[in-house]
Amino acid sequence: MEISRDEVAHLADLARIDLSDAELEHLAPQLSVILESVASIKEAAADEIPPTSHALPLTNVFRDDVVTPGLTAEQALAMAPASEEQRFSVPRILGEEA
């Protein structure tokens, strides 16, 4: 499938891409090669082969979501350098205006 320089210019205009004359001359043959490659893949696709998203079947490898007890506030704060009202206490980094 051959794509002309004028067609590339029209597509660039639709996409709001500003291309120079040299870029148009350079891109036209490249886009033709891309379109030919896509067309050859379409020819190779057989009707008896179902479309797939992966070459091999996938299975879920995630473990079951099991609820387990978490840390209590006291356990979480046990090694903290400072705590206040069951929260980590850290130095203020923003002023009052924030």
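Scroll up a little and you will see the structure.
This structure is a prediction, so every number in the text was calculated from the model and none was measured.

Participant: Help me out: how do you make sense of the pattern of salt bridges in this one?
Facilitator: Side-chain pairs of opposite charge can arise where the charged atoms are in close proximity. Across all of its chains, the model carries four salt bridges by this definition. Here arginine 5 makes a salt bridge to aspartate 6, at a shortest N to O gap of 3.9 Å. In this structure, aspartate 21 engages arginine 5 in a salt bridge whose closest nitrogen and oxygen atoms are separated by 2.6 Å. With a gap of 16 residues between them, aspartate 21 in helix α2 (residues 21-44) and arginine 5 in helix α1 (residues 5-14) connect regions that are remote in the sequence. Given the relative accessible area of 52%, aspartate 21 is considered exposed. A residue is classified by how much of its surface remains accessible, and arginine 5, at 26% relative accessible area, is partly exposed. Where salt bridges share partners, they join Arg5, Asp6, Asp21 and Glu25 into one cluster.

About the thresholds
- Residues numbered from 1 in each chain as written.
- Predicted model: local features only at pLDDT ≥ 70, side-chain atom pairs only at ≥ 80, totals over all residues.
- Heavy atoms only, no water.
- Salt bridge = Lys/Arg side-chain N within 4 Å of Asp/Glu carboxyl O.
- Helix = DSSP H or I, 4+ residues; strand = E, 2+ residues; numbered from the N terminus.
- Buried < 20%, exposed > 50% of the residue type's maximum accessible area, 1.4 Å probe, protein only.

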